[in-house]
Amino acid sequence: MLKRYLMLSCAVAALSACGGADLDYGEVVVSSPTPTPEPDEIQYEFTFDTDADLANFSIDWEQRDTEEDPDIDFHQESRSLLVKPAWGQDPNHRGLDTWTGNNWDYVEVYANENAPIDLRSGTIYMSIYYPDEHLESPWGSPPSAHNLGTQYVLIDAMGNKAMLKDMGDGDNWMDSFGQGNAANKFLRGTEEPLNGNGVWYDLKIDVGFDVTPLDEEAGFDLSAVVSYGVRFNFAFEKPENADPESATFNRDIYPNGNIPQQYLFIDNVAAFPFEGDGPLPTPEPPVPGEPAEFALPVYLDEAGGGFSAWGGYGGTYDFSSTEFRKSGTAAIAADYAADSYGAIQFGANDGTNGVDISGYSKFHFSVWVPFQTGDSDIMVQICGLDDSGCGDTDGVQVTALENEAWNDFSLDLSDFGGVTQVKEIRIKNYSSVAKVLHFDEIGFDLVLPDSGIPLDSGWTASDATIEYTDAGVKYTPSADNQQAFFDLQGPQTLNGATVYLTLAADQDYLDSSWSVQPFAQKTAGEEGAHWGCWIGASSLSLDPQEFGCTLSNDKLDFDESGAVKIGIQGKQGDNGTATPAGSITISNVRIVPGT
């Protein structure tokens with residue numbers, strides 16, 4: 001493998017690195033990158049074999065006060081693109097609160113295409129050289145005084161800018177000292193040049209469908225990308241050894257009194273549209289599943305639970321849409337108009353008394369945000385009979401993510417101002433941007449579809465016998481306090497939760513007049529149990545019935561190291577025969593979280 005080495009010094013006058021310049025870039029040793037796989041396996045668009053590629057690149061920046069501007073140039077010796085960042089020396093660019101990380105210098109370098117390219121599920125290749133001084137961690141030993149973060153930036157045909165989410169959304173980035181670790185899923189390989197003072201990182205960046213527009217209202221068209229590149233962010237990180245108001249600020253931090261400039265290098269650059277077999281894998285919601293279950297449903301295929309679909313305002317609303325469904329046969333397509341802050345509306349059938357929600361704790365809904373819509377702010381309002389809860393500032397706001405499967409929200413009713421008798425429910429587009437969103441599975445107190453408790457395996461009998469049948473778990477006790485239970489592993493938050501058991505007794509058990517006690521108990525050797533529930537003999541029947549048991553013990557909230565028994569035990573009670581006869585069949589177990 002051919003490797004080229006050079007000593008970059010004041011003799012390279014074209015770089016303005018030393019003589020006569022205010023910023024000292026020092027002495028840099030760099031080699032041409034050796035990509036992985038070999039260059040002939042990938043047809044790179046820009047290899048910098050000549051200076052002709054320089055015309056296709058541009059640079060943008062924001063920095064502290066300096067007497068030099070950042071620049072890019074063709075570097076003959078390494079045949080790569082040289083980046084001169086010119087990090088600023090003036091700490092007051094960030095204000096006196098210099099340690100919050102809210103401000104920093106950045107330099108952006110772009111490859112510019114002659115025509116827009118579709119980078120949905122596309123790929124970007126790039127090799128980046130970081131000098132050693134930018135690979136040290138502010139939290140290492142010894143610590144660096146600064147951090148250099150990397151993000152990947154795109155510009156569409158309308159001039160809108162976006163960041164790849166995987167590498168930061170404007171508030172965070174991939175640390176340069178972390179480029180070589182497992183968190184960097186785009187890393188293909190590295191090369192550490194002999195006699196050099198840095199590392200080449202060879203990257204394969206999978207664009208996917210998920211970007212963050214810098215202007216949310218303008219959005220971003222990932223199907224028409226005209227420029228792509230990298231942003232380098234320079235941020236001070238170590239305040240304890242410097243006074244931000246000091247005239248000797250930089251000398252306080254750095255031994256020679258200057259921010260280490262150090263050149264960065266880029267090579268072997270290309271961007272490719274989706275290259276897989278068949279058509280572009282346009283993201284779509286999962287195949288609709290089984291409908292959710294609610295203690296009080298508002299919308300499952302249609303309005304219910306004492307509510308009617310009133311339609312809405314500030315848009316058009318289809319309550320029987322089949323385009324995007326989480327479950328069942330229909331969902332709601334909400335076409336919100338621009339500048340309307342429109343809302344879907346459900347109204348109580350009983351306008352005088354409303355719908356009583358005093359016995360519930362959560363309001364649940366699911367929303368799908370289509371591709372290229374952008375993350376969407378939504379406001380939910382639950383309105384009382386006197387219109388309380390429906391003011392301009394009332395409600396609970398959430399943000400639904402674009403193409404993140406279905407966004408599921410369970411909101412605490414305690415956050416809605418104490419409304420107990422509901423006249424109206426509104427689900428609002430909490431922005432002025434026109435968009436289409438899809439809603440499904442709306443209701444109060446979602447019943448978890450999977451409590452983690454199967455009915456065909458995993459149960460334990462304490463002296464009693466159990467049998468797995470088509471109807472469920474058949475429990476046959478022969479004495480008082482014999483149990484059938486399932487060990488539910490942590491982490492769990494069960495204090496305040498309600499366990500619902502669907503039980504049916506056979507005739508022999510009914511004739512014996514024995515009762516049933518549901519229970520929850522931490523596994524052996526651990527504190528925490530609830531024994532306060534009781535199902536009297538007269539409440540049991542041959543037909544399956546659901547019984548609720550609300551748990552109350554803060555020890556029933558525990559981490560992944562614990563487990564809890566969820567089950568039942570037979571109880572003689574006051575009128576039971578000396579020994580029980582017959583069986584109880586458990587045909588369903590569900591758990592509703594508490595408030």
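The structure under discussion appears in the preceding block.
Below you will find a few notes about this structure. (Residues numbered from 1 in each chain as written. Predicted model: local features only at pLDDT ≥ 70, side-chain atom pairs only at ≥ 80, totals over all residues. Heavy atoms only, no water.)

1. Section: the sheet that holds strand E39 (residues 584–592)
With antiparallel pairing, the five strands of this open sheet are ordered in space as E29-E30-E39-E33-E36. Looking along the sheet, the strands with just one partner apiece sit at the ends: strand E29 (465–469) and strand E36 (545–550). Taking each pair of neighbouring strands and ignoring which way they run, the sheet shows an average axis angle of 35 degrees. Sheet analysis places strand E30 (residues 472–476) next to E39, joined by three bridges and oriented antiparallel. Opposite Lys 474, over in E39, you have Thr 585 as the bridge partner. (Pairing = 2+ DSSP bridges. Helix = DSSP H or I, 4+ residues; strand = E, 2+ residues; numbered from the N terminus. Axes fitted to C-alpha atoms, helices over the stretch in contact; angles between N-to-C directions.)

2. Side note on unusual backbone geometry
Despite not being glycine, Arg 79 has its phi angle at roughly 50 degrees, a positive value. Mapped onto the elements, Arg 79 comes out in the loop between strand E4 (71–75) and strand E5 (80–84). Arg 79 gets classed as partly exposed once you look at its relative accessible area, which sits at 26%. The residue Asn 268 is not glycine, and still its phi comes out positive at about 50 degrees. (Buried < 20%, exposed > 50% of the residue type's maximum accessible area, 1.4 Å probe, protein only.)

3. Concerning the state of the cysteines
In protein chemistry, a disulfide is the covalent bond that joins the sulfur atoms of two cysteines. By the definition in use, this model includes two disulfides. With its sulfur 1.4 Å from that of its partner, Cys 383 forms a disulfide with Cys 390. On the basis of relative accessibility, which here comes to 13%, the residue Cys 390 falls in the buried class. Along the protein chain, the cysteines that take part in disulfide bonds pair up as 1-2, 3-4, counted in sequence order. (Disulfide = S-S within 2.5 Å.)

4. Observations concerning the nonpolar core
Formed by 42 residues in total, the largest nonpolar core has its most connected members in Phe 57, Val 109, Leu 119, Ile 124 and Leu 154. For this core, the element with the highest residue contribution is strand E14 (residues 225–236), accounting for five residues. Not counting residues up to four positions away in its chain, the partners in contact with Phe 57 are Phe 46, Phe 48, Ile 72, Leu 81, Val 109, Tyr 110, Ala 111, Asn 112 and Val 269. With 37 residues, the next largest nonpolar core counts Val 396, Leu 413, Val 419 and Phe 439 among its residues. (Core = buried A, V, L, I, M, F, W, Y, C linked by side-chain atoms within 4.5 Å. Contact = heavy atoms within 4.5 Å.)

5. Focus: a negative patch on the surface
A cluster of acidic side chains, namely Asp 132, Glu 133, Glu 136 and Glu 192, defines a negative patch on the protein surface. Residue placement: Asp 132 occurs in the loop between strand E7 (123–131) and strand E8 (146–156). (Patch = residues over 30% accessible without salt bridge, like charges linked within 9 Å, V, L, I, M, F, W, Y side chains within 5 Å. Areas by Shrake-Rupley, 256 points an atom, 1.4 Å probe, with all protein chains shown as cover. Salt bridge = Lys/Arg side-chain N within 4 Å of Asp/Glu carboxyl O. Lys, Arg positive; Asp, Glu negative; His and termini not counted. Charge placed at Lys NZ, Arg CZ, Asp CG, Glu CD.)

6. A few points about the pattern of salt bridges
For the structure on display, the rule yields 13 salt bridges. For the salt bridge of Glu 108 with Arg 231, the shortest nitrogen-to-oxygen distance reads 2.7 Å. Of this pair, Glu 108 sits in strand E6 (residues 105–117) while Arg 231 sits in strand E14, placing them 123 residues apart in sequence. For the pair Glu 108 and Arg 231, a shared accessibility class is recorded, and that class is buried. Two residues, Arg 426 and Glu 424, come together in a salt bridge whose shortest N-O distance is 2.7 Å. Comparing Arg 426 with Glu 424, the two get one shared label, buried.

7. Comments concerning the packing of aromatic side chains
In the structure shown here, the tally under the stated rule is 25 aromatic pairs. For the pair Tyr 317 and Tyr 336, a centre-to-centre distance of 5.7 Å together with 70 degrees between the ring planes defines the contact as edge-to-face. Here the residue Tyr 317 occupies a position in strand E18 (residues 315–321), and Tyr 336 occupies one in strand E19 (residues 331–336), the gap between them amounting to 19 residues. The pair formed by Tyr 317 and Tyr 336 is uniform in burial state, with each residue classed as buried. Connected via pairs of aromatic rings, a cluster forms that spans Phe 307, Tyr 360, Phe 363, Phe 365, Phe 409, Phe 439 and Phe 444. Lying over the aromatic face of Phe 485, Lys 565 brings its terminal NZ or CZ to 4.7 Å of the ring centre. Lying across the ring of Tyr 500, Arg 590 places its NZ or CZ 4.0 Å from the centre. (Phe/Tyr/Trp six-rings, centres within 6.5 Å; stacked < 30°, edge-to-face > 60°. Lys NZ or Arg CZ within 6 Å of the ring centre and 35° of its normal.)

8. Describing the pairing of strand E20 (residues 343–348)
In the case of a regular strand, side chains alternate between the two sheet surfaces. Where burial is concerned, most of E20 is hidden: six out of the six residues are buried. Judged by which residues are buried, E20 turns out to be covered on both faces: Ala 343, Gln 345 and Gly 347 on one side and Ile 344, Phe 346 and Ala 348 on the other are all buried. Pairing geometry for strand E17 (residues 307–313) and E20, over six bridges, is antiparallel. Among the inter-strand pairings, Ser 308 is bridged to a residue of E20, identified as Gly 347.

9. Looking at the environment of Phe 558
As for its placement among the helices and strands, Phe 558 is situated in strand E37 (residues 557–558). Through-space distance from the C-alpha of Phe 558 to that of Pro 491 is 5.6 Å; in sequence the pair is 67 residues apart. Once you skip the residues sitting within four places of it in the chain, Phe 558 turns out to touch Leu 488, Gln 489, Gly 490, Pro 491, Gln 492, Lys 522, Ala 563 and Val 564.

Read these as spatial facts, not as claims about activity.
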